[in-house]
Amino acid sequence: MMLHLPPLSLYVHIPWCVQKCPYCDFNSHAMKEAIPEQAYITALLDDLRQDLHFAQGRELHSIFIGGGTPSLMSPDAIKRLLDGIQALIPFANAMEITLEANPGTVEAGRFAGFKAAGVNRISIGIQSFQPEKLTRLGRIHDPEQARFAAEEAALVGLNSFNIDLMHGLPDQSLSDALSDLEQAIALAPPHLSWYQLTIEPNTPFASRPPALPEDDILADIYEQGHALLLANGYRQYEVSAYAKLGFEAQHNLNYWRFGDYLGIGCGAHGKITLPLEGKLVRTVKVKHPKGYLEDNRPYLDQYWPIKPQDLSLEYFMNRLRLFEPIPKQEFHQLTGQCASVLEAPLTEALRLELLNETEAHWQVTPLGRRFLNRLLDLFITD
Ligand SMILES: C[S@@+](CC[C@H](N)C(=O)[O-])C[C@H]1O[C@@H](n2cnc3c(N)ncnc32)[C@H](O)[C@@H]1O
Ligand code: SF4
């Protein structure tokens, strides 16, 4: 059977921030001077033009403008970008268009400008509401600016907005973490991403590690924070993602359902199904803004087919982050692999009660969510 073409999303990377946060390993650079906004939008649209053959007749299902700090771009630049994208690839009806914002860059009227440009969802990186935690995290905003940004997002009439919070912060107590969540919930975001701080290699936090909470405090934070979110009407639909019913992030759902995505901008990653060639490929664009902005260059830096023996792990690594049932026929449709390759790992996962199954679906169990890495290990082939 031919590979099935899944929905297509677009990720757009904006690689600049006011300053670099010490925990962050995203491809972002502290701004030394004004952003070359117009030149970058021109390059992004050229980059998309070079990727157009990957669309294979599909319309766009969602766009995510991430970073970095996309809210540093002017609403006019975002409008030029979105109009330019739509001139190249048609938009699906009612599609989600998200822009990531840092509260330190949100003056009055900015979100209304992004909305007028076509953005209908804003994701605000708040991280914490405690001034001393924000300072430890190297953030450029205070709690007041964070609240202002969330209130603006609620006011301008977007389809949805998200707040990013982190927990397990340096010297964080259980009550610190719960108070952060309560303050976020009070702002009524339809979506809340709640990430545990991880110490990433090659960051200032990795070279000078801060004192993080003990494991039993981390466990209490997770358990009680999770219960607080559920008690306030949020549903956990992914490891770190909570949403009111119907407000799950369509863009992220497409990644986790093993959909396709184009990635444009510095260092952006893409994943594309090529049914005629019978393969799935990954793409990575030129990473550094200086190289990316050179004239007349190919933006593609790396391109490789996913090895057939890696497909089951890659599929389940995404799919099992979501707690929804997984249709059994989908694996074959999206990877082209014969379902028999799953026999041994699935038998073991069912025996260990990390997964359960019905005639038509598999679904991760509460135990499987807790031991997700153990479950994924079963799909590693050597
Ligand atoms: C791509 S970042 C960018 C958002 C935006 N630049 C900001 O920081 O306001 C998306 C989110 O990932 C989370 N994040 C970044 N680094 C992290 C880390 N080391 N551990 C856990 N979460 C992290 C933060 O919550 C952040 O808001
Ligand atoms: S503002 Fe966001 S992307 Fe920029 S350095 Fe901080 S966490 Fe990373």
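The structure presented is a predicted model; accordingly, all values stated were derived computationally and were not measured.

Observations regarding the side chain of Asn-162
Next, step 1: Inspection of the secondary structure assignment puts Asn-162 in strand S7 (residues 160-167).
Next, step 2: At a separation of 3.1 Å, a polar atom in the side chain of Asn-162 contacts the side chain of Asp-164.
Next, step 3: For Asn-162, the residues in contact, after removing those within four places along its chain, are Arg-121, Ile-122, Ser-123, Ile-124, His-191, Leu-192 and Ser-193.

With respect to the site of ligand 1
Next, step 1: Within the structure, ligand 1 sits among 17 residues, and Gly-68, Gln-127, Arg-139, Asp-164 and Thr-198 are positioned closest to it.
Next, step 2: The contact in question runs from an oxygen atom of ligand 1 to an N or O atom on the side chain of Gln-127, over 2.7 Å.
Next, step 3: At the level of elements, strand S6 (121-127), S7 and strand S8 (191-196) are the ones that each hand at least two residues to the shell around ligand 1.
Next, step 4: Grouping the amino acids of the shell around ligand 1 by side-chain chemistry returns 5 nonpolar, 8 polar and 4 charged.

Focus: the site of ligand 2
Next, step 1: Inspection of the region around ligand 2 gives Cys-17, Gln-19, Lys-20, Cys-21, Tyr-23, Cys-24, Ser-28, Gly-68, Thr-69, Asn-102 and Arg-139 as its neighbouring residues.
Next, step 2: When grouped by side-chain class, the residues that make up the shell around ligand 2 number 4 nonpolar, 5 polar and 2 charged.

Quick look at the layout of surface pockets
Next, step 1: Here the second largest pocket is characterised by a volume of approximately 310 Å³.
Next, step 2: Every residue lining the second largest pocket is counted, 13 residues in all, and those nearest its centre are Trp-16, Lys-32, Glu-33, Pro-36 and Pro-289.
Next, step 3: Class assignment of the residues belonging to the lining of the second largest pocket gives a composition of 8 nonpolar, 2 polar and 3 charged.

Concerning the domain arrangement of the chain
Many descriptions give the size of an interface as the accessible area lost when the pieces come together.
Next, step 1: You can read the domains of the chain as domain 1 (8-254) and domain 2 (308-382).
Next, step 2: Of note, the centres of domain 1 and domain 2, computed from C-alpha atoms alone, are 29 Å apart.
Next, step 3: Each partner contributes residues to the interface: domain 1 has 5 residues there, and domain 2 has 5 residues.
Next, step 4: Carbon and sulfur atoms make up 59% of the area that domain 1 and domain 2 hide from each other, which totals about 490 Å².
Next, step 5: Here domain 1 and domain 2 share 1 salt bridge between them.
Next, step 6: Glu-238 is the partner of Arg-321 in a salt bridge, and the nearest nitrogen-oxygen pair spans 2.4 Å.
Next, step 7: Of the residues assigned to the side of domain 1 that touches domain 2, the class counts are 3 nonpolar, 1 polar and 1 charged.

Some details on the nonpolar core
Next, step 1: If you look at the biggest cluster of nonpolar residues, it comprises 71 residues, and the most contacted ones within it are Val-12, Ile-63, Ile-85 and Phe-111.
Next, step 2: Beyond its immediate chain neighbours, meaning those up to four positions away, Phe-111 contacts Ala-101, Val-106, Ile-122, Ile-124, Ala-149, Glu-152, Ala-153 and Val-156.

Re the pairing of S6
Next, step 1: In terms of residue burial, S6 counts as a mostly covered element, since 7 of its 7 residues are buried.
Next, step 2: Neither face of S6 is left uncovered, since the one carrying Arg-121, Ser-123, Gly-125 and Gln-127 and the one carrying Ile-122, Ile-124 and Ile-126 both have all their residues buried.
Next, step 3: Here strand S5 (residues 91-101) runs beside S6; their pairing, made up of 4 bridges, is parallel. Counted as the bridge partner of Ala-101 is Ile-124 from S6.
Next, step 4: Of the strand pairs in this sheet, S6 and S7 are connected by 6 bridges, and their pairing is parallel. In the sheet register, Arg-121 faces S7, and the bridge partner there is Ser-160.

Remarks on unusual backbone geometry
Next, step 1: Going from Gly-67 to Gly-68, the amide bond is cis rather than trans, its omega being 15°.
Next, step 2: Mapped onto the elements of the fold, Gly-68 is located in the loop between strand S4 (60-67) and helix H2 (75-88).
Next, step 3: Its identity is not glycine, yet Asp-171 carries a phi of approximately 55°, on the positive side.
Next, step 4: Mapped onto the elements, Asp-171 comes out in the loop between S7 and helix H6 (174-186).
Next, step 5: A positive phi angle, close to 60°, is found at Asn-202, a residue other than glycine.

Concerning the packing of aromatic side chains
Next, step 1: The tally for this structure, following the rule as stated, stands at 16 aromatic pairs.
Next, step 2: Centroid distance Phe-54 to Tyr-303: 6.4 Å. Interplanar angle 15°. Geometry classified as stacked. In this pair, Phe-54 is assigned in the loop between helix H1 (37-51) and S4 and Tyr-303 in strand S14 (residues 300-305), connecting sequence segments 249 residues apart.
Next, step 3: The exposure class assigned to Phe-54 is buried, which follows from its relative accessible area of 4%.
Next, step 4: Taking the relative accessible area as the measure of exposure, Tyr-303 reaches 37% and is therefore partly exposed.
Next, step 5: With a centroid separation of 5.3 Å and 70° between ring planes, the pair formed by Tyr-315 and Phe-331 is classed as edge-to-face. Taken together, the residues Tyr-315 in helix H11 (residues 311-319) and Phe-331 in helix H12 (residues 330-335) connect sequence positions 16 residues apart.
Next, step 6: Through successive ring pairs, a cluster of aromatic residues spans Phe-258, Tyr-315, Phe-316, Phe-331, Trp-362 and Phe-379.
Next, step 7: Lys-244 extends its terminal NZ or CZ atom over the ring of Tyr-234, reaching a point 4.5 Å from the ring centre.

Cut-off values and rules
Residues numbered from 1 in each chain as written. Chains lettered and ligands numbered in written order. Predicted model: local features only at pLDDT ≥ 70, side-chain atom pairs only at ≥ 80, totals over all residues. Heavy atoms only, no water. Helix = DSSP H or I, 4+ residues; strand = E, 2+ residues; numbered from the N terminus. Polar contact = N/O pair within 3.5 Å; in protein donor to acceptor, adjacent residues only side chain to side chain. Contact = heavy atoms within 4.5 Å. Near = heavy atom within 4 Å. Nonpolar A, V, L, I, M, F, W, Y, C, P; charged D, E, K, R; others polar. 1 Å grid on protein atoms, 1.4 Å probe; cavity = no way out; pocket = protein on both sides within 12 Å on 5 of 7 lines; lining within 4 Å. Points joined across faces, edges and corners; volume = space filled by probe spheres on them. Domains from an automatic or database assignment. Buried area = accessible area lost by both parts, 1.4 Å probe. Salt bridge = Lys/Arg side-chain N within 4 Å of Asp/Glu carboxyl O. Core = buried A, V, L, I, M, F, W, Y, C linked by side-chain atoms within 4.5 Å. Buried < 20%, exposed > 50% of the residue type's maximum accessible area, 1.4 Å probe, protein only. Pairing = 2+ DSSP bridges. Phe/Tyr/Trp six-rings, centres within 6.5 Å; stacked < 30°, edge-to-face > 60°. Lys NZ or Arg CZ within 6 Å of the ring centre and 35° of its normal.

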